[in-house]
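What follows is each chain in one-letter form.
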Number of protein chains: 2
Amino acid sequence: MNTQLIDLNEDLPVQPCSHEYQASCNNCRLSSICLPFALEASEIDQLDNIVQRSKPLQKGQHLYRESDDFQSVFAVRSGTMKAYRTTDDGREQVTGFYFPGEILGMDGISNNSHASSAKALETAAVCEIPFTSLEKLSASMPHLQRHFFQLMSREIAEDQQLITLLSKSSADERVAALLLSISTRNARRKLSPTNFRLSMSRVDIGNYLGLTVETVSRVFSRMQKLGVLRVENKEIEILDTDALMKMADAH
Amino acid sequence: MNTQLIDLNEDLPVQPCSHEYQASCNNCRLSSICLPFALEASEIDQLDNIVQRSKPLQKGQHLYRESDDFQSVFAVRSGTMKAYRTTDDGREQVTGFYFPGEILGMDGISNNSHASSAKALETAAVCEIPFTSLEKLSASMPHLQRHFFQLMSREIAEDQQLITLLSKSSADERVAALLLSISTRNARRKLSPTNFRLSMSRVDIGNYLGLTVETVSRVFSRMQKLGVLRVENKEIEILDTDALMKMADAH
DNA sequence: AGGGAATGTTGACTTGAGTCAATAAGGGGA
DNA sequence: TCCCCTTATTGACTCAAGTCAACATTCCCT
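Residues numbered from 1 in each chain as written. Chains lettered and ligands numbered in written order. Predicted model: local features only at pLDDT ≥ 70, side-chain atom pairs only at ≥ 80, totals over all residues. Heavy atoms only, no water.

Structurally, Ser-110 of chain A is set in the loop between β6 (103–104) and β7 (117–120). The residues touching Ser-110 of chain A, leaving out its near neighbours within four places in the chain, are Gln-150, Ser-153 and Arg-154 of chain B. (Helix = DSSP H or I, 4+ residues; strand = E, 2+ residues; numbered from the N terminus. Contact = heavy atoms within 4.5 Å.)

Under the definition given, this model contains 20 salt bridges over all chains. Note that Glu-173 of chain B is salt-bridged to Arg-91 of chain A, the shortest N-O span being 3.4 Å. Here Glu-173 of chain B is found in helix α4 (residues 171–188), whereas its partner Arg-91 of chain A is found in the loop between β4 (81–86) and β5 (92–98) on a different chain. Judged on exposure class, the residue Glu-173 of chain B and its partner Arg-91 of chain A are both buried. Between Arg-91 of chain B and Asp-89 of chain B there is a salt bridge whose closest N-O contact spans 2.6 Å. Asp-89 of chain B matches Arg-91 of chain B in its accessibility class, with the two residues each being buried. Each of Asp-89 and Arg-91 of chain A together with Glu-173 of chain B takes part in one network of salt bridges that share partners. (Salt bridge = Lys/Arg side-chain N within 4 Å of Asp/Glu carboxyl O. Buried < 20%, exposed > 50% of the residue type's maximum accessible area, 1.4 Å probe, protein only.)

To continue, consider the sheet that holds strand β11 (residues 235–238) of chain B. Residues and elements named next belong to chain B. Strands sit in the order β9-β11-β10 across an open sheet of three strands; the sheet is antiparallel. Whereas interior strands pair on both sides, the edge strands pair on one side only; in this sheet they are β9 (195–197) and β10 (229–232). Shown here is a sheet whose adjacent strand axes are inclined to one another by a mean of 15°, direction ignored. Judged from the four bridges that link them, β10 and β11 form a sheet pairing that is antiparallel. Looking at β11, one finds that Leu-229 is bridged to Ile-238. Along the sheet, α4 contacts β9, β10 and β11; its crossing angle with β9, the most-contacted strand, is approximately 105°. (Pairing = 2+ DSSP bridges. Axes fitted to C-alpha atoms, helices over the stretch in contact; angles between N-to-C directions.)

Overlaying chain A with chain B gives an RMSD of 0.0 Å, the required rotation being 180° about an axis along which the chain moves by 0.0 Å. Each copy turns onto its partner about a two-fold axis. For chain A, the residue whose C-alpha comes nearest the rotation axis is Ala-139 of chain A, separated from it by 2.1 Å. Mapped onto chain B, 100% of the interface residues of chain A are again interface residues, and the two copies thus contact each other with one and the same surface. (Least-squares fit on C-alpha atoms with pLDDT ≥ 70 in both.)

Residues and elements named next belong to chain B. If you check helix α6 (residues 213–225), its first and last C-alpha atoms are 18 Å apart, about what 13 residues at 1.5 Å a residue would give, namely 18 Å. Residues of α6 that are buried include every one of Val-216, Val-219, Phe-220 and Met-223, and no others. For α6, the buried positions fall inside an angular range of 100° around the axis, keeping them on one side. In α6, the exposed residues that point more than 90 degrees away from the buried face are Arg-218 and Lys-225. Considering only its buried residues, α6 is in contact with α4, α5 (202–209), β10, β11 and α7 (241–249). Downstream of α6 by one or two residues, Gly-227 has phi in the positive range, about 80°. (Expected span 1.5 Å × (residues − 1). Arc of directions from axis to C-beta.)

Mean pLDDT over chain A: 90, with 91% of residues reaching 70 or higher. Residue range residues 1–20 of chain A is modelled with pLDDT below 50. Its contacts to residues more than four positions away, or to other chains, number 26 contacts. (pLDDT = per-residue confidence, 0-100.)

The next subject is the sheet that holds strand β6 (residues 103–104) of chain B. All names here are of chain B. Read from one edge to the other, the open sheet built from four strands follows the order β1-β8-β3-β6, with strand pairing classed as antiparallel. Of all the strands in the sheet, just β1 (52–57) and β6 have a single pairing partner and so form its edges. In this sheet, strand β8 (residues 124–130) lies alongside strand β3 (residues 72–78) in antiparallel orientation, the contact comprising six bridges. Its bridge partner lying in β8, Ala-75 is registered against Cys-127.

Right, let's get into the protein's contact with DNA strand C. Surrounding DNA strand C, one finds 17 residues, the nearest of these being Ala-171, Thr-215 and Arg-218 of chain A together with Arg-218 and Ser-221 of chain B. Of all DNA strand C atoms lying within 4 Å of any protein atom, the proportion belonging to sugar or phosphate reaches 68%. One of the backbone N or O atoms of Ala-171 of chain A is found 2.8 Å from a phosphate oxygen in DNA strand C. The contact in question runs from a phosphate oxygen of DNA strand C to an N or O atom on the side chain of Thr-215 of chain A, over 2.5 Å. (Near = heavy atom within 4 Å. Polar contact = N/O pair within 3.5 Å; in protein donor to acceptor, adjacent residues only side chain to side chain.)

Note on interface size: it is often stated as the accessible area lost on association of the parts. At the interface, 46 residues of chain A touch 46 residues of chain B. Each partner contributes to the roughly 4300 Å² buried at the junction of chain A and chain B, and carbon and sulfur atoms together form 55% of this total. The interface formed by chain A and chain B includes four salt bridges. Applying the counting criterion to the chain A and chain B interface returns 26 residue pairs in polar contact (both at pLDDT 80 or more). Those elements that provide at least two residues to the side of chain A that touches chain B are β5, α2 (131–140), α3 (142–168) and α5 (202–209) of chain A. Here the side of chain A that touches chain B takes 20 residues from α3 of chain A, the largest share from any one element. Taken together, the residues of the side of chain A that touches chain B sort by class into 14 nonpolar, 18 polar and 14 charged. (Buried area = accessible area lost by both parts, 1.4 Å probe. Nonpolar A, V, L, I, M, F, W, Y, C, P; charged D, E, K, R; others polar.)

We now examine the domain arrangement of chain A. All names here are of chain A. Each domain of chain A was delimited in the assignment, giving domain 1 (11–145) and domain 2 (165–248). Taken over C-alpha atoms, the centre of domain 1 sits 26 Å from the centre of domain 2. Taken together, the contact between domain 1 and domain 2 spans 17 residues of the former and ten residues of the latter. Interface area, domain 1 with domain 2, both sides summed: about 1300 Å², of which 53% is carbon and sulfur. Run the count over domain 1 and domain 2 and you get seven residue pairs in polar contact (both at pLDDT 80 or more). Sort the elements by how many residues they give to the side of domain 1 that touches domain 2 and β5 lands first, with seven residues. In terms of residue class, the side of domain 1 that touches domain 2 is made up of eight nonpolar, four polar and five charged. (Domains from an automatic or database assignment.)

Here it is in structure tokens:
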């Protein structure tokens, strides 16, 4: 078992909210892919009233920890969050990476306590959505209720995809699939699908994909040699998307 | 890639409902662990009105298939269901086994089409819960809305546990964890936690756990030799639960 | 009850990813 | 800016689980 090194950033206080981080959901550029999706302007205003925007996080800082009381779900506004759980014997499993516009914390609803921990991989801003308020609002706003059911369902479907990946795929396939997932999610946010910076370390990638760091590193090198990627540290350029897609499911 | 053998049972017609399979949720012995959980009698009646009980399935018959239109979620009343998805290159991944009192089909909500297929592992009866009705009812019944959110959340948390299992654990650990999961779920239904019949084949177990049949078989033999289990075909007796629990997370 | 297909078991061998180890390259703090 | 600690890369070797193959058993179907 690996002993966890002390994380100096963990217990930094949450920054005071010295200025407005975002006036409202209405003028947030992420609204089309985030919770407000499919809501009308007046409905967005109501949602807006329950959303709290006072949580900028430093790199390495936790948003919540496993077994903390569950109060809220969170939407990422900027930066990247990683969710992970710790097994009984102390090993970590990264269960997901969350980019702007994506919702995390839904796994805490069932038990009223968070089933995983969430940590900022870089400076990150999140919107906090208190769950009891969201429930009340959902009861009166069919679109919102529907959308939240859909978000949870999507999380299930995505987890199942990861299950398939972990169960059936080679190291190459796994890494290719992750890169394509990031690429697609970037596209949704109007960012380049081919050039991006990995906010997570090789360790995190390996942990998420069920591989060791060494294997991840070797796969990157191999793909670079094949001309599929250009890897320079955390900067990734996908040179041949088709080839990458083939690698992602060619067994 | 394995070619799928033709499944002779697949297209049998749904049996006509010649008698009442279950008068109502109110007198269903599973109500305490199923959807009605935490509802009051009058609320259960309302839920009861939208539940349809006309779906007994033969072994091997499908309840729904991947990419079918999503209309309903289903509660298992008797028998066992298996959910699985087919990857682009034709491989199968079993994503879950569902026992009486458990809900399946929630992964279809996000897309309005089922993200997986569901098949009966033995003769099985299910309750169909039309989702639009459930949504409407949820809006007026906070307990129901809450409980359904919790069910979805639990599915997420359980998938994450499987992810951890697939990502980090040895063959022994995986098999031990599955057996313990079945044992716990049996206990919830007042069945023996130590003696039960596996309704799924070794192939399904292997597929679910990301192992080959041969490996599953070898693990069973090994555990039997160690005196942890008695395995006789599909009949399992857990002889030493503590040892099994140690095997489930001892790395 | 009998026969044949499907399912399960066991053994021998192979292999992809893990482990261990050495080295290189970054990057944040004083 | 330099230094040190963290992160990443590469190589050599090992091993757990996969593959291939033979055989045993079970479960349907007639």
